[in-house]
Amino acid sequence: MKGARLLDPLAGLGASTLGLLAAIGRVAFYLASTLSHVLRPPFYPREFLAQLMVIGYFSLPVVGLTALFTGGALALQIYVGGARFNAESVVPQIVAIGMVRELGPVLTGLMVAGRVASSIAAEIGTMKVTEQIDALVTLSTNPMKYLTVPRVLAATIALPVLAAVGDAIGIFGGYLVGITRLDLNAATYLKNTADFLETADVISGLVKAAVFGFIVALMGCYHGMNSGRGAQGVGRATTNAVVSSSVLIMGANYLLTQLFFAT
Amino acid sequence: MIELIDVHKSFGKKHVLKGVNLRVEKGESMVIIGGSGTGKSVLLKCILGLVRPEKGRILLDGQDAIRPSDRDAFLARFGMLFQGGALFDSLPVWQNVAFRLLRGALKRPREEARRIAIDKLARVGLGADTADLYPAELSGGMQKRVGLARAIAAEPEIIFFDEPTTGLDPILAGVINRLIRGIVEEMGATAVTITHDMTSVRAIADRVAMLHDGVIQWVGPVSQLDNSGNPYVDQFVHGREEGPIEALR
């Protein structure tokens, strides 16, 4: 069977195309089901708050550190690049706009994809493998409402907050490097940043972050719920959750940037 | 009364249930025996709606169980002990036991739910000190007991036990068997147990059904188990290699 497939590239191509389309269809159904359950009771506020803690609060250190180093590196790069056409003074402005519009939300999304999508997929996958999902159903509790909705809502709300914190820390990182290593004036640095940034820059970044949060939790839950049997199945679900949410974040980032381009 | 009429279920090319017919009377303890992988668990999951059969009818007191009009009310009549316990490891023991009492239609105040949980834990032989532990801190036998306490917490009319003694030593298995029998009699509940542990069958069953090759091969009272005259049951009960059931599966 395998040999035949190798010899017949067209069949292989067809099979993988059909597989991809089927996967897109399944994710679309899962998405529609999630959205329909968000609005209908019963609601589980206790689960939601617990997830807000796990996804939001506990991601602060990793998001903060990533943003700090990225802001610093960005300041150095822009200084070096800007020096080639005597534009060293644009460091504060470019760091601010780069962090707020692009790097803040994207890096937050990717770090949370690594930290949260994996843990959601592993947790729900293990629950599936050990029949805990079946047990939920027999206890008259809908797993979509009890597991998926709280996680998706919590991530969609937590990510913009995380991204905002990341933005601020990233700009601070750029500022630190700017005044200590590049001899930029501290007051001028802050004034340039504040004068240059517009509300639309910040809002567009936060909207992106919300979308990324939604993607991360949705992919974690989807792959967990569809996990295969045994440790290998859970492992694969975890990998798929991280990879698919990272790729979708990058794709969505381009589309959203295009959408916000004029503003 | 639970009634299964010509129930079929396949997974891919594998035809697991090939027309199961079975009647479980109200208040009786039915034990379904059969080799590993013969679809015993699938059968229970079909009744609960966790798995949807392709063909056939399942009736609960004459009402359609495959598409019940009120699924929550339907499920509230059941309790189930899962094979591995299936305890929620993010919740402490008492919240596992009182899960149904903490949310949904049967919701009670937290203190009352906790008190009921501790009562049920006592019924299965666990002290109040286990209430605040997490499932991962319990031994296999204790997890089974907690699972049992959760299955009976909301006083269901019908209780399913999926391989209740698998993985337990013979002494502990005996304890669990006696607990199940005692609880079922005390509550007047209808019980359906899946097992391939013959000691368990003799301790729990009023009637026994043998599932093999996707159909019920034999149903009869537990007293006739040893002289059923059915070659499948004979081979299974005596654990013989020769007979109609292929030993190599």
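Sequence order as written defines the numbering, with residues in each chain counted from 1. All chains are assigned letters beginning at A, and all ligands numbers beginning at 1, according to the order in which they are written. Only residues with pLDDT of at least 70 are given local features in this predicted model, and only at 80 or more are side-chain atom pairs given and counted; all residues enter the totals for whole chains, interfaces and linings. Side-chain figures throughout are based on the complete set of non-hydrogen atoms in the structure, without hydrogens or water.

- Looking up chain B in an unreviewed UniProt entry gives the name Phospholipid/cholesterol/gamma-HCH transport system ATP-binding protein, with the organism given as Meinhardsimonia xiamenensis.

- Looking at an unreviewed UniProt entry, one finds chain A named Phospholipid/cholesterol/gamma-HCH transport system permease protein and attributed to Meinhardsimonia xiamenensis.
- We quote the UniProt Function (unreviewed entry) comment for chain A here in full: "Could be part of an ABC transporter complex." UniProt positions are given in the numbering used here, feature names are shortened, and annotations may be inferred rather than shown by experiment.

**Side note on the UniProt feature "domain: ABC transporter" (unreviewed entry) in chain B**
Then step 1. The residues that UniProt annotates with the feature "domain: ABC transporter" (unreviewed entry) are residues 2-238 of chain B.
Then step 2. Within the segment residues 2-238 of chain B, helix and strand shares are 35% and 26% respectively, and the terminal C-alpha atoms sit 29 Å apart. Secondary structure elements are defined from DSSP: runs of H or I of at least 4 residues count as helices, runs of E of at least 2 residues count as strands, and each element is numbered from the N terminus.

**A look at the packing of helix H5 (residues 91-129) of chain A against helix H8 (residues 186-196) of chain A**
All names here are of chain A.
Then step 1. The angle between two axes is taken between their N-to-C directions and runs from 0 to 180 degrees, where each axis is a line fitted to C-alpha atoms and a helix contributes only its stretch in contact. Close contact between H5 and H8 brings their axes to 8 Å; oriented N to C, the two are set at 50 degrees. With respect to their mutual orientation, H5 and H8 come out oblique. In this structure, H5 meets H8 at a crossing whose hand is right-handed. Contacts between H5 and H8 involve Val91, Pro92, Gln93, Val95, Ala96 and Ile97 on the former and, on the latter, Tyr189, Asn192, Thr193 and Phe196.
Then step 2. Grouping the amino acids of the contact of H5 with H8 by side-chain chemistry returns 7 nonpolar, 3 polar and no charged. For classification purposes, angles smaller than 35 degrees are called roughly parallel, those larger than 145 roughly antiparallel, those between 65 and 115 roughly perpendicular, and all remaining angles oblique. Helix crossings are classified by the rotation of the near helix relative to the far one: an anticlockwise turn of less than a right angle makes the crossing left-handed, while a clockwise turn makes it right-handed. Contacts are assigned to residue pairs with any non-hydrogen atoms lying within 4.5 Å of each other. Here the term charged refers only to Asp, Glu, Lys and Arg, the term nonpolar to Ala, Val, Leu, Ile, Met, Phe, Trp, Tyr, Cys and Pro, and the term polar to all other amino acids, Gly among them.

**Some details on the environment of Leu106(B)**
Residue and element names in this part refer to chain B.
Then step 1. Looking at the element boundaries, Leu106 is found in the loop between helix H4 (99-102) and helix H5 (110-123).
Then step 2. When the C-alpha positions of Leu106 and Leu148 are compared, they lie 19 Å apart, and in sequence the two are 42 residues distant.
Then step 3. With near-sequence residues (within four places) excluded, Leu106 lies in contact with Arg100, Leu101 and Ala154.

**So, the UniProt feature "transmembrane region" (unreviewed entry) in chain A**
Residue and element names in this part refer to chain A.
Then step 1. The feature "transmembrane region" (unreviewed entry), as annotated in UniProt, sits at residues 12-32, 52-76, 152-182, 202-225 and 237-256 in this numbering.
Then step 2. Annotation note: span residues 152-182, helix share 94%, strand share 0%, distance between end C-alpha atoms 42 Å.
Then step 3. With 100% helix and 0% strand, the stretch residues 202-225 has end C-alpha atoms that lie 35 Å from each other.

**Side note on helix H6 (residues 140-152) of chain B**
Then step 1. Any helix carries an expected span of 1.5 Å times its number of residues minus one. In this model H6(B) runs 19 Å from its N-terminal to its C-terminal C-alpha over 13 residues, within 8% of the 18 Å that 1.5 Å per residue would give.
Then step 2. For H6(B), the tally of buried residues reaches 10 of 13 residues, placing the bulk of the element in the interior.
Then step 3. Along H6(B), the residues that are buried comprise Gly141(B), Lys144(B), Arg145(B), Val146(B), Gly147(B), Leu148(B), Ala149(B), Arg150(B), Ala151(B) and Ile152(B).
Then step 4. Along its buried surface, H6(B) packs onto helix H6 (132-138) of chain A together with strand S6 (78-81), helix H3 (93-97), H5, strand S7 (158-162) and helix H7 (170-187) of chain B. Note on exposure labels: buried denotes an accessible area under 20% of the residue type's maximum, exposed denotes more than 50%, and partly exposed covers the range between, all computed with a 1.4 Å probe on protein chains only.

**Quick notes on the packing of aromatic side chains**
Then step 1. Stacked, tilted and edge-to-face pairs are distinguished by plane angle, under 30 degrees for stacked and over 60 for edge-to-face with tilted covering the rest, among Phe, Tyr and Trp rings (Trp via its six-membered ring) whose centres lie within 6.5 Å. Applying the stated rule across the entire model yields 9 aromatic pairs over all chains.
Then step 2. Both rings, one in Tyr30(A) and one in Tyr222(A), keep their centres 5.4 Å apart while their planes meet at 75 degrees; by these two values the pair is edge-to-face. Here Tyr30(A), found in helix H2 (residues 9-39), pairs with Tyr222(A), found in helix H9 (residues 199-225); they are 192 residues apart in sequence, far enough to count as distant. In terms of burial, Tyr30(A) and Tyr222(A) fall into one category: buried.
Then step 3. The interplanar angle of 55 degrees and the centroid separation of 5.1 Å between the aromatic rings of Phe74(B) and Phe78(B) together place this pair among those described as tilted.
Then step 4. Residue Phe78(B) is classed as buried on the basis of its relative accessible area, which comes to 4%.
Then step 5. Here the aromatic cluster, defined as three or more aromatic residues joined through ring pairs, consists of Tyr44(A), Tyr146(A), Phe88(B) and Phe99(B).
Then step 6. In this analysis the charged atom, NZ for Lys or CZ for Arg, is taken to sit over a ring once it is within 6 Å of the ring centre and within 35 degrees of the ring normal. Stacked on the ring of Phe11(B), the Lys or Arg Lys9(B) has its end atom at 5.2 Å from the ring centre.
Then step 7. Over the ring of Phe99(B) we find Arg103(B); its NZ or CZ atom is 4.0 Å from the centre of that ring.

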